[in-house]
Each structure stands twice: as structure tokens, then as C-alpha cells.
Amino acid sequence: FVRPDISSALLSLTGYDMVVRKDGKDTQGGLCRGLLVYCKTDLRASEFQSKEFEVFTECAGVILPWGRGELKCVLVYRPPREPFSMADMNNTASLCAMLENLSGEVVVVGDFNLPGIDWEGLYSESAGERVVLEAIQAKFWSQFVDFATHEDGNILDIVLGRQGLISGVSDEGRLGSGD
């Protein structure tokens, strides 16, 4: 979905290609905000599409040439709802299905809004959050963000991938309110 009242030219950045644009359809209560994925022009990126992306509230991906193959980068926004609750609207189950079906060299980044996960201990009191953790562990992925990404001290924004694929993540500060 692309909003007709906001031109892609208005969102353009010099030296970057807008590879994916998915505007939020409904921002009531933070359910859909929209996603933009830019890549440096010389990277030759293309949109990565998956049927699992279509049933998830907000998810987008790009494919980058990587050695002799390709690297899939997936951007996820999971609304802040109790996992597997009625308000969750099946997003957590869709997230787990999407993670399970990703293959090859993959990096997943985004806001999972799962504040109860102890990423160092790989545990949560919440059964719903544990289901997400199990999906990540089944892929043998690591979570690379080790600093709070929310003002309450939680790690909500995460970077997932296999050890050796990601060299590190640094805290560059917050963008502003509502991030």
C-alpha cells in the first residue's frame, strides 16, 4: 500500500535507492506505521518478497548481492500487543512462521516489542515471548543488541542473524519520541 498523498519523490535521498515502500494503512494505536528501506545506489539491492510478509502487520525485505550468493535483510515491526492475545491479531504467530521459513544468509532487524525477554539469559516469563525465542533459537541465530532501545530500559529493537555474519551493533542514540 502506497499513500497517494505522499509522493515517493518527496521521500527520496541522494545516493540511495528506495527499494521498498510500504505505508501504514492504519496508525490508530500504533498498529501500522509504515516501512521504508533505502540502500546505497551501488549495492544493486532488490525487494525480497515472501508470502509470510503479506499476513504480517509490517514486514519488508531486500536482497543484496553477497559473495557468490545473496544476503536477505528483513525489516519487522510487531505492534506492542500481548503475544497471542486477541489484540495481537495473529501477528506473533505470523512472525514465528516468517522466521521459521527464512533460509540462506539472513539478517532480521526491527522492533519486536517484546519487553519481557531477557536476551542474555534467553528467557521470558511470558509464554508468548518464549514462543518467539524458541523460533529464533531453532534458527541458531543470535540477538546482537545488548543495550536498551526504549526509555523504560527494555530491548525492543533487535538485530538477529548467525554469529560471524554481523560484526556488531552500536548505540547511536534515539531518534525522538515515539521511536
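All residue numbers refer to positions counted from 1 along the written sequence of the respective chain. Residues qualify for local features only when their pLDDT is at least 70, as the model is predicted, and side-chain atom pairs are given and counted only at 80 or more; totals for whole chains, interfaces and linings, by contrast, use all residues. Only hydrogens and water are set aside when side-chain values are computed; all heavy atoms of the structure are taken into account.

By definition, any uninterrupted DSSP run of H or I lasting at least four residues is a helix, any uninterrupted run of E lasting at least two residues is a strand, and each is numbered from the N terminus. For Asn154, the location among the structural elements is in the loop between β7 (142-143) and β8 (157-161). By the convention used here, residues are in contact when the closest approach between their heavy atoms is within 4.5 Å. For Asn154, the residues in contact, after removing those within four places along its chain, are Pro115, Ala148 and Thr149.

Every helix has an expected span of 1.5 Å times one less than the residues it contains. Its twelve residues give helix α3 (residues 127-138) an end-to-end C-alpha distance of 16 Å, which sits within 8% of 16 Å, the value for a rise of 1.5 Å per residue. Buried, partly exposed and exposed residues are distinguished by accessible area as a fraction of the type maximum, computed with a 1.4 Å probe on protein chains only: under 20%, between the cut-offs, and over 50%, respectively. Buried within α3 are the following residues: Gly128, Glu129, Val132, Leu133, Ala135 and Ile136. Projected onto a plane normal to the axis of α3, the buried residues spread over an arc of 155° and lie on a single side. Residues of α3 that are buried make contact with α2 (91-101) and β8. Think of a polar contact as two N or O atoms within 3.5 Å of one another; within protein, one of them needs to be a possible hydrogen donor and the other a possible acceptor, and neighboring residues in sequence only count if both atoms come from side chains. Regarding α3, its N-cap is Ser126, as a side-chain oxygen of that residue lies 3.3 Å from the backbone nitrogen of Gly128 further along. One or two steps after α3, the chain reaches Phe140, where phi turns positive at roughly 60°. Our arc is simply the arc of the directions from the helix axis toward the C-beta atoms.

Strand order in the open sheet formed by six strands is β3-β4-β5-β6-β8-β7, and the pairing between neighbours is mixed. Each end of this open sheet is capped by a strand with a single partner; those strands are β3 (46-48) and β7. Note: two strands are recorded as paired if DSSP finds a minimum of 2 bridges between them. Bridge analysis of strand β4 (residues 58-66) against strand β5 (residues 69-77) gives nine bridges, and the strand direction is antiparallel. Looking at β5, one finds that Leu64 is bridged to Leu71.

As a general feature of sheets, a regular strand has side chains that alternate between the two faces. Judged by how many residues are buried, β4 sits mostly within the fold: seven of nine residues are covered. One ladder, built from three bridges, connects β3 with β4; its direction is antiparallel. For Glu47, the partnering residue across the bridge sits in β4 and is Val62.

Those residues of α2 not exposed but buried are Asn91, Thr92, Ser94, Leu95, Cys96, Met98 and Leu99. Buried-residue contacts for α2 involve α1 (51-55), β4, β5, β6 (105-111) and α3.

These values are about where atoms sit, not about what they do.
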